[in-house]
Amino acid sequence: MLDANFAHNNLPLVEEKLRARNLDPAAVLGNFELIYSERRSSITKSEGLQADRNQKTRKIEELGRKAKQYEANGSQVALARVNQEREGLKLEIKSLKETLEAASRDTERANLEIREILERIPNLTRDEVPAGKSEADNVVVKSWGAEPTHDFTPKPHWELGKSLGILDLERATKLSGARFAVYKGAGARLERALINFMLNMHTEQHGYTEVLPPFMVNSKSLFGTGQLPKFAEDLFRCGDGAGDAGFVEGEYRDNDHWLIPTAEVPVTNLFRDEILDDASLPICFAAYTPCFRAEAGAAGRDTRGIIRQHQFQKVELVKFVRPEESDAEHEKLTRDAETILELLGLPYRRMLLCTGDTGFSAAKTYDLEVWLPGQGLYREISSCSNFEAFQARRANIRTKPGGKGKTEFVHTLNGSGLAVGRTWLAVLENYQQADGSVLIPEVLRPYMGGLERISARS
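Residues numbered from 1 in each chain as written. Predicted model: local features only at pLDDT ≥ 70, side-chain atom pairs only at ≥ 80, totals over all residues. Heavy atoms only, no water.

Chemist: Would you explain unusual backbone geometry in this entry?
Modeler: Trans peptide bonds make up most of the peptide bonds, and negative phi angles are found at most residues other than glycine. The linkage connecting Leu228 with the following residue, Pro229, adopts the cis geometry, with an omega of 0°. Among the secondary structure elements, Pro229 is positioned in the loop between helix H9 (219-225) and strand S6 (236-237). With an omega dihedral of 0°, the bond running from Leu281 to Pro282 counts as a cis peptide bond. Its place among the elements puts Pro282 in the loop between strand S8 (274-276) and strand S9 (283-292). Notably, Arg179 is not glycine yet its phi reads approximately 65°, a positive angle. Summarising the element assignment, Arg179 is placed in the loop between helix H7 (169-176) and strand S3 (182-183). A positive phi angle is found at Asn396, which is not glycine, with a value near 60°. Within the secondary structure, Asn396 is located in the loop between helix H12 (390-395) and strand S14 (397-399). With a relative accessible area of 25%, Asn396 lands in the partly exposed category. (Helix = DSSP H or I, 4+ residues; strand = E, 2+ residues; numbered from the N terminus. Buried < 20%, exposed > 50% of the residue type's maximum accessible area, 1.4 Å probe, protein only.)

Chemist: How do you make sense of the nonpolar core when you look at a structure like this?
Modeler: A general trend in soluble globular proteins is that nonpolar side chains are found buried together. Membership of the largest hydrophobic core comes to 48 residues, with the highest contact counts inside it found for Leu190, Leu194, Met198, Leu341, Trp424 and Ile454. Per-element tally for this core: the top contributor is helix H8 (residues 186-205), with 9 residues. Once you skip the residues sitting within four places of it in the chain, Leu190 turns out to touch Trp424, Val427, Leu428, Leu444, Met448 and Ile454. The next biggest cluster of nonpolar side chains, apart from the first, holds 19 residues, and it includes Leu2, Ala7, Val14 and Phe32. (Core = buried A, V, L, I, M, F, W, Y, C linked by side-chain atoms within 4.5 Å. Contact = heavy atoms within 4.5 Å.)

Chemist: Teacher, can you tell me more about the state of the cysteines here?
Modeler: On inspection of all chains with the given rule, the structure shows 0 disulfides. Free cysteine: Cys384, not disulfide-bonded; nearest cysteine sulfur from Cys284 at 13 Å. The buried category is assigned to Cys384, whose relative accessible area is 0%. (Disulfide = S-S within 2.5 Å.)

Chemist: In this structure, what is going on with helix H13 (residues 420-430)? I would like to understand it.
Modeler: Residues spaced three or four apart along an α-helix face the same direction, because each turn holds 3.6 residues. The element H13 is largely enclosed, with a buried count of 11 among its 11 residues. Of all the residues in H13, the buried ones are Val420, Gly421, Arg422, Thr423, Trp424, Leu425, Ala426, Val427, Leu428, Glu429 and Asn430.

Chemist: What exactly am I supposed to notice about the pairing of S9 here?
Modeler: For a regular strand, side-chain orientation follows a simple rule: the groups alternate between the two sheet faces. Burial of S9 is extensive: 9 of the 10 residues sit out of reach of the surface. As defined by bridge partners, strand S4 (residues 209-210) adjoins S9 across 2 bridges and the pair is classed as parallel. Its bridge partner lying in S9, Thr209 is registered against Phe285. With 10 bridges connecting them, S9 and strand S10 (residues 311-321) associate as antiparallel partners. Note on S10: the bridge partner recorded for Phe285 is Val318. (Pairing = 2+ DSSP bridges.)

Chemist: Would you mind showing me how to read the sheet that holds strand S12 (residues 364-372) here?
Modeler: Whether parallel or antiparallel, the strands of a sheet pair through hydrogen bonds between backbone atoms. With mixed pairing, the 8 strands of this open sheet are ordered in space as S1-S11-S12-S13-S16-S10-S9-S4. Looking at the sheet topology across the chains shown, the edges are occupied by strand S1 (139-144) and S4. For S1 and strand S11 (residues 348-352), the ladder comprises 5 bridges, and the chain directions are antiparallel. Each residue of the ladder has a partner; that of Lys142, found in S11, is Arg350. Packed on one face of the sheet, H13 meets S10, S12, strand S13 (377-386) and strand S16 (411-419) and runs near 40° to S16. (Axes fitted to C-alpha atoms, helices over the stretch in contact; angles between N-to-C directions.)

Laid out in structure tokens, this is it:
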């Protein structure tokens, strides 16, 4: 979320950045400037009324001291005059109090309306983010690995998984509906191997602390990372065992529960409403969780295989950093995710997302796309973003630079390290053999009990 004063003082910049995201500034900002002006007027009015009330209060106290003197001296006429003046001032203060309360209500109303507008303004993309309307305008900034050549026609993972008996989409549909998967045998073990391999690399080699958070969060947590209120339709909301009693669409309560769309949500909110010790930064967490997404806007897309699922596994990387270090930490986080792909021997490319494809909360995002020979294309396997202070302001996560003085918002970063299901299918498609078997990358074999190959008899 943007700071209100920043948005007011830099309105042309905000409008420019909104247009770069293919948004209409008038539709997003509404009457922001009018409300901001009204708020400023009501604050000025309140301050003037408060000063007047304070002055009258001091005058009453002064007259009270005089009244005691006149009473002691027996000056009844002067005492009556002073008491009359005091009563008049008290009536004025009563009237001022009512006017002040009305002005305060005006300020509170304006604050609420401004906050509602700020909540729908996306983060401002960095100047180095290329202008563009869609993923077609993203820029390749790095490529790694040679796309494998095959002397046979490579198969997509859904055919390989079925023929090897390790992926059952039909029974998953019977259990839960479309966009779910059942992994079996060596397929289930490969999923678990990938999770353990990723966590071990990030904790033992890259310096992250492993954390296992809840898989359900409240509305405040989803607001903090930017999913609510804008992306409610992409989430699964729980009825909390009460048959959805009291459930109101678009209305969120402190005790609501939602299935997490990514570990980014609970892990980032670990420090919601806290002031972090500056000396502890950067704080780096790695978390494995299942992820749950309604995929509301994905009708008709990626209907085959396990590219786009309602439930999938992911290892997430989350960082809390000093603002001046967030660029360097963003590069490091992205590099940590790339290392997993390189150790697995999976060709990939790093994409700098354009303004039209950058997520709501992000200021800058790199996508890592892995090569899938069975489909003949690159697909996203990790999205690594620098949110700057956008999430921290929503979640109220601060630090004191140097451990003293005024607080400031930290910068938050996150990225997939990696999406496990997409890594699983990338291994199948890149390591498939002419006989239909799949070789296990060497780094995974210790996690697979020494298994070197998945075949129909594995």
